[in-house]
Amino acid sequence: MRRKKAKKIEILPDPKFNDVQVTKFVNNLMLDGKKNTAFKIFYDAVDIVESKLEDQNGLEVFKKAIENITPSVEVRSRRVGGATFQIPTPVREGRKQSLAMKWMITFSRKRNEKTMAQRLANEFIAASKEEGGAYKKKEDTLRMAEANKAFSHFRF
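What you see is a predicted model, and the numbers here were worked out from it, not measured in a lab. (Residues numbered from 1 in each chain as written. Predicted model: local features only at pLDDT ≥ 70, side-chain atom pairs only at ≥ 80, totals over all residues. Heavy atoms only, no water.)

Turning to a positive patch on the surface, a few remarks are in order. A cluster of basic residues, Arg2, Lys5, Lys8, Lys24 and Arg92, forms a positive patch on the protein surface. Judged by its relative accessible area of 58%, Arg92 is exposed. (Patch = residues over 30% accessible without salt bridge, like charges linked within 9 Å, V, L, I, M, F, W, Y side chains within 5 Å. Areas by Shrake-Rupley, 256 points an atom, 1.4 Å probe, with all protein chains shown as cover. Salt bridge = Lys/Arg side-chain N within 4 Å of Asp/Glu carboxyl O. Lys, Arg positive; Asp, Glu negative; His and termini not counted. Charge placed at Lys NZ, Arg CZ, Asp CG, Glu CD. Buried < 20%, exposed > 50% of the residue type's maximum accessible area, 1.4 Å probe, protein only.)

Printed below as a string of structure tokens:
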């Protein structure tokens, strides 16, 4: 039994865009504590997006991409009476954003471009147009939740 609720760590906004969401994304992107490298990769990706899509702001494309791949429901396994069911549950706000960012980074790493900045930039563009691996993952999650809607009464 927990005595106190865990404290929320306050995340500082990033230096260039002054945005907390960017910092959260960079924290997920970071490997081995190399935050400066992660920031450089992110800013390069935003610059690449701006050069490819002249009429759009790179940060806006990033935000639209995150918004497009944010899941509303997910399936969770629950054991009921000896059988395991996939039960659709709504995703809470913080987890929505976290899942979207992690999916974006995972599918960026799987791409074939030469640098991580190019991979990220192309995944941003794809997700903002509602295509790409991360968007497909969101659609698959939604489809699975829809298929298992019959078991939603097990949620408690």
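Right, let's talk about the layout of surface pockets for a bit. For the largest pocket, the calculated volume is near 360 Å³. In terms of lining, the largest pocket is formed by 14 residues, of which the most central are Lys8, Ile11, Lys24, Gly94 and Ser98. Elements with a minimum of two residues in the lining of the largest pocket: helix H1 (20-29) and helix H4 (93-109). Across the lining of the largest pocket, the residue classes tally to three nonpolar, five polar and six charged. (1 Å grid on protein atoms, 1.4 Å probe; cavity = no way out; pocket = protein on both sides within 12 Å on 5 of 7 lines; lining within 4 Å. Points joined across faces, edges and corners; volume = space filled by probe spheres on them. Helix = DSSP H or I, 4+ residues; strand = E, 2+ residues; numbered from the N terminus. Nonpolar A, V, L, I, M, F, W, Y, C, P; charged D, E, K, R; others polar.)

Right, let's get into the packing of H1 against helix H3 (residues 58-68). Viewed as axis vectors pointing N to C, H1 and H3 meet at an angle of 70°, and their least axial separation amounts to 12 Å. The orientation of H1 with respect to H3, classified from their angle, is roughly perpendicular. In this structure, H1 uses Gln21, Val22 and Phe25 to contact H3, whose residues at the interface are Leu59, Phe62, Lys63 and Ile66. Looking at side-chain class alone, the contact of H1 with H3 contains five nonpolar, one polar and one charged residues. (Axes fitted to C-alpha atoms, helices over the stretch in contact; angles between N-to-C directions. Parallel < 35°, antiparallel > 145°, perpendicular 65-115°, else oblique. Contact = heavy atoms within 4.5 Å.)

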